[in-house]
Amino acid sequence: MSIDREIEMFLAFAWMLGHIIVLIVGVLLGVAYLTYAERKVLGAMQRRQGPMTVGPWGLLQPIADGVKLFSKETIIPSQANKIVFLLAPVILFALALVAWAVIPVDKDWVLANINVGILYLFAISSLGVYGIIMAGWASNSRYAFLGGLRSASQMVSYEVSMGLIIVCVILCTGSLNLQEIVLAPRPIWMQIWLFPMFIVFLISILAECNRAPFDLPEGESEITGGFMVEYSAMTFALFFLGEYANMILMSAMATTLFLGGWLPPFGMWFLDFVPGIVWFGLKTCAILFFFLWARATLPRFRYDQLMRLGWKIFLPLTLLWVVGTAGLLLAFDALP
Amino acid sequence: MILAAVFYLFAFILLLSGFLVITARNPVHSVLFLILAFFNAAGLFVLLGAEFIAMILVIVYVGAVAVLFLFVVMMLDIDFAHLRKGAMQYVPLGLLVGVILLTELVISVSAWQFNSLSQQNLAVPEIGLNAATNTQALGAVLYTQYVYAFQLAGLILLVAMIGAIVLTHRVRPGVRKQSIESQNARRPEEAMEILKVQSGAGIS
């Protein structure tokens, strides 16, 4: 191998590494300011101020929170299974970051443009349950265990309908590559036909992220803090970061699948001069606002109601929609 | 060179975690090692260029099957040390089954390896599929040439699913479950009665 080729390889590697660092820092900053936005939005909806004192408009509050959590003592229960106990938050957080490798943030800004991007995303998001179930088991506490069990059955249930919704979108776009899904032509009838699935997808990602009104795994009123009762300091912070990073990830996924990713909204070609990453960010923020809005306005579901919604309403509906989508595409000869 | 190193890394962790699945004392640890083994198998598939199969392996086995395993094993309260006591007497039987399986595997693989026809098929299973992506190639074979076998597999799975539901679905008496239909069908007239109560008289 010549020396030129080695330098070339090194440069490619450095470029990749730079990409990864920029992406991770971006996601972490997003997580930090998502917690800030959540408190501000909740405050506004409940006619309060939200964080106000640290920095101008309380903008430094997330950083202060981070420093506080960092300087606290990590407590590991003596009866806990130590390795699994410490592994659980790490797994949850790492999975939330790893999935960003395939998300197309801009026209030619995607870390790994793989052929099975959407399957990769689905696989990674279905693994998130392990962090929670391991935390629940390793804590060796009744509350944590109940929280872990609740979370496991909830996430497995809603994954089924999420998978079927993804199948609908794939049928319409004809590719598993996320960049091609964004760029696939979508006539207006297809958008209207997919709109109900977008709503179901939004509700499913609420359940998948264990967010209100489906936050039963945490359920303060019944099982104190659910799977994370025993966690403190940095281990707790990792759970927190992982949960919010997952929210951003799911919003990005919904953006890519339904809202046209980094393209300008409603096919407004004269807005093409705005960088795609701006559109991508704005659309993701809109869905994140929906998360916060739902938390501020809806009471928590009861567990049997949650299961009924998942298995008896969403599953038949999405299954019907898959058959309907395939039939429509075949009948109108619109198969991609 | 890097590819070979990655292959040996995946293969080593796969074999090690596979071994730990059967030797770990705690059944939950066994399941966690099983998940690690699945993961490394998926990594090997990616190295082979079979990305679709790798992802399906992770989604189906790690994302669904192993979750249920973990779920069940976590909730079981079994003293495995007690169960293990008599296990040594079954070792000869287990070894016998293992040896028979290994011999059969060796025979079938070597028969396949030395067959010139299968060697030709190995490189290009179908003409023209070389250029297509994984998913397209699989779909093109699965839904044309093997469509009946595919449908049959689907039917078998359907029967298994119906069987599982029939076995577990039973009407239990004495359970006060919410009936959403009857609750929605209730009208104010039948549910409540408005009385005019005289002050100091009370309701009889």
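Scroll up to find the structure this text is about.
Attention here is on the structure that accompanies the text. (Residues numbered from 1 in each chain as written. Chains lettered and ligands numbered in written order. Predicted model: local features only at pLDDT ≥ 70, side-chain atom pairs only at ≥ 80, totals over all residues. Heavy atoms only, no water.)

Another point: the pattern of salt bridges. Residue and element names in this part refer to chain A. For the structure on display, the rule yields 5 salt bridges over all chains. A salt bridge links R39 to D65; the nearest nitrogen and oxygen atoms lie 3.1 Å apart. You can see R39 sitting in helix α1 (residues 3-45) and its partner D65 sitting in helix α2 (residues 61-70), a full 26 residues away along the chain. By relative accessible area, R39 is classed as partly exposed at 35%. Its relative accessible area of 26% is what places D65 among the partly exposed residues. Note that D304 and R302 form a salt bridge whose closest N and O atoms lie 2.8 Å from each other. (Salt bridge = Lys/Arg side-chain N within 4 Å of Asp/Glu carboxyl O. Helix = DSSP H or I, 4+ residues; strand = E, 2+ residues; numbered from the N terminus. Buried < 20%, exposed > 50% of the residue type's maximum accessible area, 1.4 Å probe, protein only.)

Right, let's talk about unusual backbone geometry for a bit. All names here are of chain A. The residue R47 is not glycine, and still its phi comes out positive at about 55 degrees. Note that R47 resides in the loop between α1 and α2. On the basis of relative accessible area, R47 is assigned to the exposed category, the value being 81%. Phi angles above zero are rare outside glycine, and W57 is one such case at about 55 degrees. A residue is classified by how much of its surface remains accessible, and W57, at 62% relative accessible area, is exposed.

Take the packing of helix α3 (residues 82-98) of chain A against helix α9 (residues 233-258) of chain A next. All names here are of chain A. The geometry of α3 relative to α9 is characterised by a closest axis approach of 8 Å and an angle of 25 degrees between their N-to-C directions. Relative to α9, α3 is oriented roughly parallel. Considering the relative orientation of α3 and α9, their crossing is left-handed. Counted together, L86, A88, P89, V90, L92, F93 and A96 of α3 and T235, L238, F239, L241, G242, E243, A245, N246 and L249 of α9 form the full contact between these two elements. Residue composition of the contact of α3 with α9, by class: 12 nonpolar, 3 polar and 1 charged. (Axes fitted to C-alpha atoms, helices over the stretch in contact; angles between N-to-C directions. Parallel < 35°, antiparallel > 145°, perpendicular 65-115°, else oblique. Left-handed = near helix turned anticlockwise from the far one by under 90°. Contact = heavy atoms within 4.5 Å. Nonpolar A, V, L, I, M, F, W, Y, C, P; charged D, E, K, R; others polar.)

Moving on: the side chain of T255(A). Residues and elements named next belong to chain A. Relative to the assigned elements, T255 resides in helix α9. Given the relative accessible area of 0%, T255 is considered buried. Residues in contact with T255, not counting those within four places in the same chain, are G260, G261, F280, K283, T284 and I287.

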